[in-house]
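# Residue-level structural notes
Each chain, written out:
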Amino acid sequence: MSHPCAVAVAEMEAAGHRLRYVRLLLAAVPPARRVLLVPRSVRGSAEFAEHLADVEADVVELPESRRPAMALALATAAARGARLVVPDGDKNVAPLLLALARSGFRRAPVSLLLMRTALPGGPEPATAGMALKPALAGVLARVPGARVRFLTDAFGVVVRRRGFPGIEPVRDPVEPPAAALEREGNPRAGRATGSSPRESGEPFRVGVFGVVSARKNVPVLLAALAGARDDDAAAGAHLVVGGRCEPDVREFLGSSPDAAVLTAAGRLHVDDRLLTEDEFDTAVAGVDAVAVLHDNDAPSGVVAEAAARGVPVLGPARGWASSMVTGTGIGEVAEVDDPDDVRAALGRLVDAHPRRAAAARRARTRLGTNHFVRGLLGNVT
């Protein structure tokens, strides 16, 4: 698809899905109309090498500080006749408003995506920015030519956010990889097609993927697996950790008695590094379930990435990810701080695996990238 106008995409951070979003937005316009605005720290990152190194675009280096960065980004977009798009907008609402005010609100049209729309009083720690963001976003949304959207889950389960009236959603852009669709018709690819591991005699494998931070509750999952009795449905299950582990998680994996027990039994497999897209696809498709045990009030891309590959999910009992799992029927949920409840939910998932895998394949039809691109850029041709 292509967009008739030039697009300037500004991104200040590299972690997570951010640069994949940038790639999707740049790909919507011809190469001659692409401007990429990033600080040196982002351009030198491993994520940039993975997602953007092969994208043809005019690259402009931004300052590391957000206020001058947004001012330069806005001025550059205006000079190029481009729409400025800020796909990770949460910390940039105020700097962008200031830049617009200093320009007289008559410069480039802008699009800003709110990736986090939690409010004080929810499961996440309250911050001053969390309290101010709704008001600032409301002001920005009223600026002529501005598009302000919030990131909803890839299935479109959540369509509005309390505290952000009038701000429309764009779906998290997730698309089933071609390899997953090819595996669908392969009767020997049991994990991808949802046949029960019990039928093949293979151990049940549950995976944790992406940026592996403390909020993914790896210790609880380890305790659940290490404490399984022989008569538990989850007995003998393996844990696969794939993705760059943050330092506290890395330290825990090296010192935890539960990790030592699973490692000695050959049931813990850790690949602590940034995975390429092909490696991520292979890793997710190679497990029987993906664990997403965080209950924060934000959409989970990993839940959708699992469904994109027809893989069920072990999710949290509350929070946005819980709504994604229960709203689509693609898995089981558990209290994220209770190893016994996690073990019980995993056992239910083992027993119901073919049914949950079938639900994941059905949910896959709701995924795609067009809603995201159109929401931020407008109609594409």
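Refer to the preceding data block for the structure.
Residues numbered from 1 in each chain as written. Predicted model: local features only at pLDDT ≥ 70, side-chain atom pairs only at ≥ 80, totals over all residues. Heavy atoms only, no water.

### Remarks on the environment of proline 87
Counted only if it meets this: Numbering goes from the N terminus for both helices and strands, where a helix is a DSSP run of H or I of at least four residues and a strand is a run of E of at least two. Working definition: with a 1.4 Å probe on protein chains only, accessible area under 20% of the residue-type maximum means buried, over 50% means exposed, and in between means partly exposed. Contacts are residue-level and defined by heavy atoms, with any inter-residue pair within 4.5 Å sufficient.
Within the secondary structure, proline 87 is located in the loop between strand E4 (82-86) and helix H5 (93-102). Overall, the relative accessible area of 1% leaves proline 87 in the buried class. As for proline 87 and methionine 12, which are separated by 75 residues in sequence, their C-alpha atoms are 9.8 Å apart. Excluding residues that lie within four positions of it along the chain, proline 87 makes contacts with Val9, Ala10, Glu11, Val22, Leu25, Leu113 and Met115.

### A word on the sheet that holds strand E9 (residues 238-242)
Under the convention used in this document: One bridge is not enough; two strands pair if DSSP finds at least two bridges between them. Here an angle of 0 to 180 degrees is reported between the N-to-C directions of two axes, which are lines fitted to C-alpha atoms, with helices fitted over the stretch in contact.
Reading across from one edge, E10-E9-E8-E11-E12-E13 is the order of the six strands in this open sheet, with parallel pairing throughout. Edge positions in the sheet fall to strand E10 (268-271) and strand E13 (331-334), since each of these pairs with one other strand and no more. With strand direction ignored, the average angle separating the axes of adjacent strands in the sheet is 25°. Relative to E9, strand E8 (residues 205-209) runs parallel, the two being bridged by five bridges. The partner of valine 208 across the bridge, within E9, is valine 241. Along the sheet face, helix H15 (residues 320-328) touches strand E12 (313-316) and E13 and points at about 145° away from the line of E13.

### Here we look at helix H12 (residues 257-264)
For an α-helix, the turn length of 3.6 residues means that residues three or four places apart are oriented alike. Put simply, the rule is: N or O atoms within 3.5 Å of each other form a polar contact, as long as, within protein, one can give a hydrogen and the other can take it, and as long as residues adjacent in sequence are counted only when both atoms are side-chain atoms.
N-cap assignment for H12: the residue whose side-chain oxygen lies 3.1 Å from the backbone N of aspartate 258 is serine 256. Positive backbone phi, approximately 70°, marks glycine 266, located one or two places after H12.

### Some remarks on the pattern of salt bridges
Proximity of charged atoms lets side chains of opposite charge pair with each other. Operational definition: In what follows, salt bridge is the name for a side-chain nitrogen of Lys or Arg lying within 4 Å of a carboxyl oxygen of Asp or Glu.
Tallied over the entire structure, the rule returns 24 salt bridges. Glutamate 61 is the partner of arginine 40 in a salt bridge, and the nearest nitrogen-oxygen pair spans 3.2 Å. Of this pair, arginine 40 sits in helix H2 (residues 40-43) while glutamate 61 sits in strand E3 (residues 58-62); the two residues are 21 residues apart in sequence, bridging distant segments of the chain. Residue glutamate 61 is classed as partly exposed on the basis of its relative accessible area, which comes to 39%. The network of salt bridges with common partners includes Glu13, Arg18, Arg66, Asp88, Asp90, Lys91, Arg116 and Lys133.

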